[in-house]
Amino acid sequence: MLYFTRWKALAIILTALVVCLCAVPNFFPEAQVKTWPKWAQRHLVLGLDLQGGSHILLEVDANSVKKDRLDQVRDDARRTLRDAKIVYTGLSVRNDIVEVRVTKDTEVPTALTKLRELSQPLGGLLGANGQRSLDVADAGGGLIRMTVPQAAITDRVRQSVEQSIQIVERRVNELGTVEPLIQRQGVDRILVQVPGLQDPTRLKELLGKTAKLDFRMVDSTIPADQAAQGRVPPDSDLLLSSQSPKVPYIVKKAVLVSGADLIDAQPGFDQRSNEPIVSFRFNTSGARKFAQATLDNVGQPFAIVLDNEVVSAPVIREPITGGSGQISGSFTVQAANDLSILLRAGALPAPLTIIEERTVGPGLGADSIEKGELAAYIGSILVIIFMLLTYRLFGLFANIAVAINVAMIFGVLSLLNATLTLPGIAGIVLTVGIAVDSNVLIYERIREEVRGGRTAISAIDAGFKRALSTILDSNVTTFIAAAVLFYIGTGPVRGFAVTLGIGIVTTVFTAFTVTRLIVAGWVRWKRPTSVPI
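Residues numbered from 1 in each chain as written. Predicted model: local features only at pLDDT ≥ 70, side-chain atom pairs only at ≥ 80, totals over all residues. Heavy atoms only, no water.

Chemist: Any chance you could explain the pattern of salt bridges here in plain terms?
Modeler: Think of it this way: side chains of opposite charge can pair up when their charged atoms draw near. Across all of its chains, the model carries 23 salt bridges by this definition. Close ionic contact of Arg-184 with Glu-162 constitutes a salt bridge, the shortest N to O distance being 3.8 Å. With Arg-184 in strand E7 (residues 181-185) and Glu-162 in helix H6 (residues 150-174), the pair connects residues that are 22 residues apart, well separated along the chain. Given the relative accessible area of 38%, Glu-162 is considered partly exposed. One salt bridge connects Glu-309 with Lys-246, and the closest N-O pair in it is separated by 3.7 Å. Pair noted here: Glu-309 is in strand E15 (residues 309-312) and Lys-246 is in the loop between strand E10 (236-241) and strand E11 (248-258), with a separation of 63 residues, a long-range link. Given the relative accessible area of 33%, Glu-309 is considered partly exposed. Among the charged side chains, a salt-bridge network with shared partners connects Lys-67, Asp-71, Arg-74, Asp-75 and Arg-78. (Salt bridge = Lys/Arg side-chain N within 4 Å of Asp/Glu carboxyl O. Helix = DSSP H or I, 4+ residues; strand = E, 2+ residues; numbered from the N terminus. Buried < 20%, exposed > 50% of the residue type's maximum accessible area, 1.4 Å probe, protein only.)

Laid out in structure tokens, this is it:
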């Protein structure tokens, strides 16, 4: 156990040195680090509790998800019955149930078969306890009722949360913030923590907008003032303009092109009026649909609809075949920039409501850092004194190994660009105790071997060899606990689990390579006849 080849010793030293060097950027100002090569700019990011920032808890609007699902069922039913050439009347949503009346009794069985094809099993191919996404029932007299079960709504809410997390992450990252924490909480909530952001006003505006963009034709068959009196055609909607004063528009429900077909959106200025605009570009499918729509409707107005408000309603002068265009609407420079961010990130599948908001000041974070550092210093000093008094020279070796261990923890965290929180600091302090515990087990084993009559070198070798299984068992069980905390925990608990898990790995490395290498070098140099423990 005490014999190291030259290459093995060199590999251990280089490994420890390289990992420790990864922590170096944390000791230099961020402005200076940014001038270094990209690979050398990795460093620890202080969490919300250490540098302050914004904490926002969002909730997905389950009622909106349910309404969208019922509207989708209604539209799918309309398309299915038309494709099957089944005559029907009264297709509508009443009391969370989609109803339709088939005119001919002989077509009811066919209609039921076709509509039941719209139902899919929940939870994958095998289904979730046999539940399906849609219940289709014959209510008699040609009336068919389609009901969306609660399990299907819950599943749709879950999907909406997962999709919203990705979109929220893209929107927050567009702000240029550092290492935001975005994660799910419960069934329908999303936690957003942005360290260093003291004014969350703009962030809330970006997160609160659905940013659902549609290109739809304006319905010119009825004046807007008549529609405002409740005479809206069944295939159209009455929408208002996004600018004040609010102007009513009759817009067809059919979507020509949706915002999902956008691949880019950038703020800019109109060359003629020098007003802020947003330029957009479609993907291949969107460009083809937009070209066909403008070709078929030359001379007709079409509406650019954002979150059920008409941004603008220009007249199609000629077919637009280039797959790109621009949105104008009396924007300010920041409004154009924010709209481009929203369009690039994509539309939220459902509105998000802010149900909790906190701003942590940098003073509180500085106080947390100060107290965390104080606790780390006091704990480390006490451990160092204990090891020196108890194990003398070997205690010094253990302290050197622990110092390398802590430096390696910071190096690995920096390499991962991890976010350090106050519980994370607690995990590092705990790791110091675990690392010392490994050395205590080794040294006590060496003492037992000496008392058993072994020579100094033989006792040292046997101490490292026989303590190995005990240390591995204790560290593996602790690592399992850290893994469980990481898997089921959230936020600060995960931060604690990460630092603890990394600390366990580095502890095993330093205890059985670094400490052993130091002791082996001392043995080769001194050739001791007694063990100074």
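Picking up where we left off.
Chemist: Is there a simple way to explain the packing of aromatic side chains in this structure?
Modeler: Geometrically, a pair of aromatic rings is defined through the distance of the ring centres and the angle of the planes. According to the stated counting rule, one finds 13 aromatic pairs in the structure shown. Pairwise contacts between aromatic rings join Phe-215, Phe-280, Phe-282, Phe-290 and Phe-302 into one cluster. Above the ring of Phe-486, the side-chain terminus of Arg-494 is found at 4.5 Å from the ring centroid. Seen from the ring of Trp-525, Lys-526 lies directly overhead, with NZ or CZ sitting 4.5 Å from the centre. (Phe/Tyr/Trp six-rings, centres within 6.5 Å; stacked < 30°, edge-to-face > 60°. Lys NZ or Arg CZ within 6 Å of the ring centre and 35° of its normal.)

Chemist: Got a minute to help me understand the sheet that holds strand E2 (residues 53-60) in this structure?
Modeler: The pairing of strands in a sheet happens through backbone hydrogen bonds and is either parallel or antiparallel. Strands sit in the order E7-E8-E2-E17 across an open sheet of four strands; the sheet is antiparallel. Two strands bound the open sheet, and with one partner strand each, they are E7 and strand E17 (352-360). For this sheet, the mean angle separating the axes of adjacent strands, direction not counted, is 15°. Sheet topology places E2 next to E17; eight bridges connect them, and they run antiparallel. By the bridge assignment, His-55 is partnered in E17 with Arg-358. The sheet strands contacting H6 are E2, E7, strand E8 (189-195) and E17, and the helix crosses E7 at an angle near 170°. (Pairing = 2+ DSSP bridges. Axes fitted to C-alpha atoms, helices over the stretch in contact; angles between N-to-C directions. Contact = heavy atoms within 4.5 Å.)

Chemist: Looking at this structure, I do not really get empty space enclosed by the protein. What am I missing?
Modeler: If you roll a probe as big as a water molecule over the atoms, it shows you where there is empty space left. This model, assessed by the stated rule, comprises one cavity of 30 Å³ or more. Of the pockets and cavities examined, the largest cavity occupies roughly 30 Å³. Taken together, the residues of the lining of the largest cavity sort by class into seven nonpolar, two polar and no charged. (1 Å grid on protein atoms, 1.4 Å probe; cavity = no way out; pocket = protein on both sides within 12 Å on 5 of 7 lines; lining within 4 Å. Points joined across faces, edges and corners; volume = space filled by probe spheres on them. Nonpolar A, V, L, I, M, F, W, Y, C, P; charged D, E, K, R; others polar.)

Chemist: Whenever I open this one, the layout of surface pockets confuses me. Can you help?
Modeler: Taken as a whole, the second largest pocket spans an internal volume of roughly 1000 Å³. Lining the second largest pocket are 36 residues, with Phe-27, Leu-44, Glu-373, Phe-410 and Leu-420 positioned closest to its centre. For the lining of the second largest pocket, the secondary-structure elements that each account for two or more residues are helix H2 (30-33), strand E1 (45-46), helix H3 (48-51), helix H11 (362-415) and helix H12 (422-451). Among the elements that take part in the lining of the second largest pocket, H11 stands out by supplying 14 residues, more than any other. Across the lining of the second largest pocket, the residue classes break down as 28 nonpolar, six polar and two charged.

Chemist: What exactly am I supposed to notice about the environment of Val-136 here?
Modeler: Positionally, Val-136 belongs in strand E5 (residues 135-140). Owing to a relative accessible area of 11%, Val-136 belongs among the buried residues under this scheme. The spatial distance from the C-alpha of Val-136 to the C-alpha of Ser-236 is 27 Å, given a sequence separation of 100 residues. The residues touching Val-136, leaving out its near neighbours within four places in the chain, are Leu-112, Leu-115, Arg-116, Ile-144, Arg-145 and Met-146.

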